[in-house]
Amino acid sequence: MMKKTSSILASAAVLWATGIGIAASADNVIKIGEVNSYKAQPAFLEPYRKGMQLALDEINAAGGVNGKKLELISRDDNGNPGDSVRVAEELVSREHVDVLTGGFLSNTGLALTDFAKQRKFFFLAGEPLTDKIVWQDGNRYTFRLRPSTYMQVAMLAPEAVALKKKRWALVYPNYEYGQSAVATFKELMKAAQPDVEFVAEQATPLGKVDAGSVVQALADAKPDAIFNVLFAGDLLKFVREGNTRGLFKGREVVSLLTGEPEYIDPLKEESPNNWIVTGYPWYGIQTPEHTAFLKAYQAKFKDYPRLGSVVGYSEIMSLAAGIKKAGSTDSEKLADAFKGLQVNTPLGPIVYRSEDHQSTMGGYVGRTKVENGKGVMVDYRYLDGAKYLPSAAQVAKLRPAQ
């Protein structure tokens, strides 16, 4: 009996010691819960995942944040807002993550924004572009990294006005991102060029564009210029069909996102020529911060970065900076720390604005060109995101009362 009791006590001691070890280990880790549409949008999100990993490796190699290592736990939302909320709840309740980040599509980003509001849980939206995330649906616990739809359209609008074209056709994916991009383009164009006309509008199902009928409808309207918001596979089909039918000959095209390697690289020699675009000319950015990022990325992955790589890297670096400033992963303290937070990124220093929680990350605007059998950006320049955001007074009218 004595031996059996001793054995039980010894086992209990081992279990107790093991439990302490697990608790101590957990106490030394900051868990980042990340939700994204990996299956639905692999072109952008695979490089994005690599960017996150590079940042994690660099931070952890330097000792972590506040003495703790960072751990990433990712979940796929299938590009579905309902699934976004479900896996976010799983990450918070079962995995006990300290913060949430991610999101790609604007509709899934809005679902996560509402989740953060309802649960009072910190969420950094990396990629979703809709303005509602920081304006109409903005809340204390949600911040956003990438230049918004409004910001990117505002960068392109002066270029569009300078073309002095009266008749414009519009083509966009028929969900939050596309709808808001077109609404902003119309608003800014009418303000700068009152006689502008929008002679055709094609709103296509996301990922299911009928390129032939869309191109024909745009051609039938005989526009002087086209504003395009399609991306990924939809863009590929649209460009190919437009090239085949001569839609772009003699017409100017202004296009969101087309200069991003994720979307122009697959087109190769079919890439459009002379479109005005936003994008990421990684091959020509000579700043010290980008050169260091490029060198580290290529050394680790034996590949060149895409814009997703920059977003993923900057997302993790932002969380690390915010947690360090807050001295905690408490959502209330993080929400306070992120207001006015300064972060160094491969595109230069950014600030998360106190008034709307939008970062001042900018973007590159230039023209497309086919060189050596592939599409690239030429005549590009970096535009500071801070210059393409509304004032604090304007934001106060856009955001709900806190």
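Described in the following lines is the structure provided in the data block. Because the structure is predicted, anything quoted here is derived from the model rather than measured. (Residues numbered from 1 in each chain as written. Predicted model: local features only at pLDDT ≥ 70, side-chain atom pairs only at ≥ 80, totals over all residues. Heavy atoms only, no water.)

1. Brief notes about the nonpolar core
A general trend in soluble globular proteins is that nonpolar side chains are found buried together. Judged by nonpolar contacts, the single largest core of 95 residues is most densely connected at L70, W168, F227, F238, L256, F338 and Y352. Considering each element in turn, this core owes the most residues, nine residues, to helix 11 (residues 307–326). V92, V97, V134 and W135 belong to the second-largest nonpolar core, a separate cluster that totals 22 residues. (Core = buried A, V, L, I, M, F, W, Y, C linked by side-chain atoms within 4.5 Å. Buried < 20%, exposed > 50% of the residue type's maximum accessible area, 1.4 Å probe, protein only. Helix = DSSP H or I, 4+ residues; strand = E, 2+ residues; numbered from the N terminus.)

2. Re the side chain of Q152
Its place among the elements puts Q152 in helix 5 (residues 149–162). Of the polar contacts made by the side chain of Q152, one reaches the backbone oxygen of P147; its length is 3.3 Å. Contact partners of Q152, with chain neighbours within four places excluded, come to L129, R146, P147, L256, L257 and T278. (Polar contact = N/O pair within 3.5 Å; in protein donor to acceptor, adjacent residues only side chain to side chain. Contact = heavy atoms within 4.5 Å.)

3. A few points about the sheet that holds strand 6 (residues 167–173)
Read from one edge of the open sheet, seven strands run 7-6-8-9-10-13-14, paired in mixed fashion. Single-partner strands in this sheet number two, and they are strand 7 (197–204) and strand 14 (374–383). On average, adjacent strands in this sheet sit at an angle of 25° to one another, irrespective of strand direction. Note that strand 13 (residues 363–371) and strand 14 share eight bridges and pair antiparallel. When the sheet's bridge partners are listed, K369 is paired in strand 14 with V376. Set on the sheet, helix 5 makes contact with strand 6, strand 8 (225–228), strand 9 (252–259), strand 10 (276–279), strand 13 and strand 14; between it and strand 9 the angle comes to about 155°. The sheet strands contacting helix 6 (residues 176–192) are strand 6, strand 7, strand 8 and strand 9, and the helix crosses strand 6 at an angle near 160°. (Pairing = 2+ DSSP bridges. Axes fitted to C-alpha atoms, helices over the stretch in contact; angles between N-to-C directions.)

4. Brief notes about the pairing of strand 12 (residues 348–351)
In terms of strand pairing, strand 11 (residues 342–345) meets strand 12 through four bridges, oriented antiparallel. The partner of T345 across the bridge, within strand 12, is G348. Between strand 11 and the antiparallel strand that follows it, strand 12, lie two residues.

5. With respect to the packing of helix 2 (residues 42–61) against helix 10 (residues 288–301)
Contact geometry of helix 2 with helix 10 gives a least axis separation of 11 Å together with a crossing angle of 105°. Taken together, the axes of helix 2 and helix 10 lie roughly perpendicular to each other. Residue-level inspection shows P47, K50, G51, Q53, L54, D57 and E58 of helix 2 in contact with helix 10, the latter providing F293, A296, Y297, K300 and F301. Residue composition of the contact of helix 2 with helix 10, grouped by class: six nonpolar, two polar and four charged. (Parallel < 35°, antiparallel > 145°, perpendicular 65-115°, else oblique. Nonpolar A, V, L, I, M, F, W, Y, C, P; charged D, E, K, R; others polar.)

6. A look at helix 7 (residues 211–220)
In an α-helix, one turn spans 3.6 residues; hence positions three or four apart end up facing the same way. By the burial criterion, the buried members of helix 7 are A211, G212, V214, V215 and L218. Seen from one end, helix 7 has its buried residues packed into an arc of 170°, which puts them on one side. Tucked inside the fold, the buried residues of helix 7 contact strand 6, strand 7 and helix 8 (232–245). Downstream of helix 7 by a residue or two, K222 has a phi angle that is positive, lying close to 50°. (Arc of directions from axis to C-beta.)

7. Remarks on the sheet that holds strand 4 (residues 123–125)
Strand order in the open sheet formed by five strands is 2-1-3-4-5, and the pairing between neighbours is parallel. The sheet is open, and its two borders are formed by strand 2 (69–76) and strand 5 (142–144), each paired with just one other strand. Strand-to-strand twist across the sheet, computed as the mean angle between neighbouring axes with direction ignored, equals 25°. One ladder, built from three bridges, connects strand 4 with strand 5; its direction is parallel. Paired with F123 across the strands is T142, a residue of strand 5.

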